[in-house]
Amino acid sequence: MSEVKVGIIGLGNMGTSHANQIFKGNVQGAVLTAVCDERPERVDWAYKTFGSDVQVFSSLDDFFDNENIDAVIIATPHYDHPKLAIQAFESGLHVLSEKPAGVYTKNVRQMNEAAGKSGKVFSMMFNQRTNPLYQKVRELISSGELGEIKRTNWIITNWYRSQSYYDSGGWRATWAGEGGGVMINQSPHQLDLWQWTTGLMPTRVRAFSGFGKYHDIEVEDDVTAYVEYENGATGLFVTSTGEAPGTNRFEVAGDRGKLVVEDNKLTFWRLRQSEREFNREYKGGFGEPECWKIDIPVHGKSTEHIGILRNWVDAILHGADLLAPGEEGIKSLAISNAVYLSSWTDDWVDMPIDEDLYYEKLQEKIKESKYEKPEVEQVTLDVSGTH
């Protein structure tokens, strides 16, 4: 294979951006051959933008029957990600899915199983993994430079959203439309980076969520989650769409110092001696290990979405290692599911969570949701490129 023929499902903000990047030739080795969207206005846009160079579909069955596709990008609402990925794998296609992997881990696990059976390249659009800042954090931790992790804290409250943002679409901030609020919409990147940089997944979670605390919405817009790890370390994750000005500060404390990411800078408060070692040996009463403040140099720029696109295509064509393997999408989702379940039950939740219980609770929320997916007019298309 000398090039990858890419089809895109969903022409919202992200699907449109990906389509334009590939169509303009900004992803070497990829060519846009098909797009699919059920909305007539997006179909019209695609025809006007791509002309006869790209096949346009409003039917998923017709899209997947098209032999002129090697790989698919899924950029649809969250609930659809797993089922579309499974259909793509069963059709022999490589897959790149927008985040989050899905809304609940039960069907994301099925998606991962389908990916494994297919032997196809599966990636997730965790574009923040291309950021050299977080790559450096991961490197310092995995190399042992920070020592054993003792505590992780991430305050990510600079997601401010007005009521008019939520009012702009009936599906926004609803259990039936999005499957959650700030944890499923704004914070998946940080949840992914939280576990990816540290290499730690919580063993249990206790969370407190404010549902419609700052906005007239049915889902959460404020969360404080406390987690515990297998090695005895603890963590805190705080996020909100109702604070202004907000904060984005990530701290990881280890027995050899502390890493702080804030304002696009990485600072390493490095101990010359392990704190545990100092604690055992020091006999002077008051005192603490000598500490150096080091501004860690970070080279390169974050390539964001196009970096993940290029990496995915490179993996298909040349076997490159994936920066964001699709199977890892379940990790951040598992954390958010645990946060929801803990908040709903007002209790501790052990991980891995009871997936059947989570699904049951989610269905209760969906039944109470004010959003009902509208019927969409189907457009009859001639796959030759005219309509």
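See the structure shown above.
Quick notes on the rules
Sequence positions are assigned chain by chain, starting from 1 and proceeding in written order. Local features are withheld for residues below a pLDDT of 70 in this predicted model, meaning they are given only at 70 or higher, and side-chain atom pairs are given and counted only at 80 or more; totals for whole chains, interfaces and linings count all residues. Side-chain measures were taken over the full set of non-hydrogen atoms in the model, leaving aside hydrogen atoms and water. Exposed residues in this analysis have more than 50% of their type's maximum accessible area, buried residues have under 20%, and partly exposed residues fall in between, with area computed by a 1.4 Å probe over protein chains only. A run of H or I in DSSP counts as a helix once it spans at least four residues, and a run of E counts as a strand once it spans at least two, with each numbered from the N terminus. Any pair of residues with heavy atoms lying within 4.5 Å of one another is described as a contacting pair. For two strands to pair, DSSP has to find at least two bridges joining them. To obtain each axis, a line is fitted to C-alpha atoms, and for helices this fit is confined to the stretch in contact; angles are then taken between N-to-C directions over 0 to 180 degrees. Any pair of N or O atoms that falls within 3.5 Å is considered a polar contact. Within protein, one atom must be able to donate a hydrogen and the other to accept it, and sequence-neighbouring residues count only if both atoms are side-chain atoms. Residue classes follow a fixed rule: Ala, Val, Leu, Ile, Met, Phe, Trp, Tyr, Cys and Pro count as nonpolar, while Asp, Glu, Lys and Arg count as charged, and any other residue, Gly among them, counts as polar. Regarding the arc, it is the one traced by the directions from the helix axis to the C-beta atoms. Residues qualify for a patch when their relative accessible area is over 30% and they have no salt bridge, like charges being joined within 9 Å and the nonpolar side chains of Val, Leu, Ile, Met, Phe, Trp and Tyr within 5 Å. Surface accessibility in these figures is a Shrake-Rupley result with a 1.4 Å probe; residues are shielded only by whichever protein chains are displayed. Here a salt bridge means any side-chain nitrogen of Lys or Arg lying within 4 Å of a carboxyl oxygen belonging to Asp or Glu.

Student: How do you make sense of helix α4 (residues 81-90) when you look at a structure like this?
Tutor: In an α-helix there are 3.6 residues to a turn, and that puts residues three or four apart on one side. Across the 10 residues of α4, seven count as buried, placing the element largely inside the fold. Those residues of α4 that sit buried are H81, P82, L84, A85, I86, A88 and F89. Contact partners of the buried residues in α4: β1 (4-9), α3 (60-65), β4 (71-74), β5 (94-97), α5 (105-118) and β6 (122-124).

Student: What am I meant to see in the sheet that holds strand β15 (residues 349-350) here?
Tutor: Two modes of strand pairing occur in sheets, parallel and antiparallel, and in both the strands are linked by backbone hydrogen bonds. Read from one edge to the other, the open sheet built from nine strands follows the order β14-β13-β12-β11-β7-β10-β9-β8-β15, with strand pairing classed as mixed. This sheet does not close on itself; its edge strands, each paired only once, are β14 (291-295) and β15. Packing of helix α8 (residues 188-198) onto the sheet brings it into contact with β7 (149-156), β9 (220-228), β10 (234-240) and β11 (248-254), and relative to β7 it is tilted by some 160°. Its contacts with the sheet place helix α11 (residues 329-345) against β8 (204-211), β9 and β15, and it is angled at close to 70° to β8.

Student: It is not clear to me how the environment of S59 should be interpreted in this structure. Could you clarify?
Tutor: Note on placement: S59 falls in the loop between β3 (55-57) and α3. At a separation of 3.4 Å, a polar atom in the side chain of S59 contacts the main-chain amide nitrogen of D61.

Student: Can you help me understand the packing of helix α6 (residues 132-142) against α8 in this one?
Tutor: Between two packed helices, both the angle of their axes relative to each other and the distance between the axes serve to describe the pair. Where α6 contacts α8, the axes come no closer than 8 Å and their chain directions differ by 35°. Of the residues in α8, those in contact with Y134, Q135, V137, R138 and I141 of α6 are L193, W196, T197 and T198. Looking at the contact of α6 with α8, its residues break down into five nonpolar, three polar and one charged.

Student: What exactly am I supposed to notice about helix α1 (residues 13-23) here?
Tutor: Buried within α1 are the following residues: G15, T16, H18, A19 and I22. Along α1, the residues classed as buried sweep out an arc of 165° about the axis, all on the same side. In this structure, the buried residues of α1 make contact with β1, β2 (30-36), α2 (40-50), β4 and α10 (304-318). Backbone geometry just after α1 places G25 at a positive phi near 85°.

Student: Any chance you could explain a nonpolar patch on the surface here in plain terms?
Tutor: The grouping of Y226, L236 and W348 at the surface amounts to a nonpolar patch, some 240 Å² of accessible area in total. Residue position: Y226 is located in strand β9. Residue Y226 is classed as partly exposed on the basis of its relative accessible area, which comes to 31%.

Student: For this particular structure, what's the right way to read unusual backbone geometry?
Tutor: Across residues other than glycine, the phi torsion is negative in most instances, and most of the peptide bonds are trans. Along the chain, A244 connects to P245 via a cis peptide bond; the corresponding omega equals -5°. With respect to the helices, strands and loops of the structure, P245 is situated in the loop between β10 and β11. The omega angle of the peptide bond from M351 to P352 is 0°, so this bond is cis rather than trans. On the secondary structure map, P352 appears in the loop between β15 and α12 (355-368). With a phi close to 60°, N264 is a non-glycine residue in the positive phi region. Mapped onto the elements of the fold, N264 is located in the loop between β12 (257-262) and β13 (265-271). Exposure remark for N264: the relative accessible area of 69% places this residue in the exposed category.

Student: In this structure, what is going on with the sheet that holds β1? I would like to understand it.
Tutor: The parallel open sheet is built from six strands, whose spatial order is β3-β2-β1-β4-β5-β6. What marks the edges here is a single partner per strand, and that holds for β3 and β6. Each strand axis lies, on average, 20° off the axis of its neighbour in the sheet, ignoring direction. Pairing between β2 and β3: three bridges, direction parallel. Among the inter-strand pairings, V35 is bridged to a residue of β3, identified as V56. Lying over the sheet, α2 contacts β2 and β3, oriented at roughly 175° with respect to β3.

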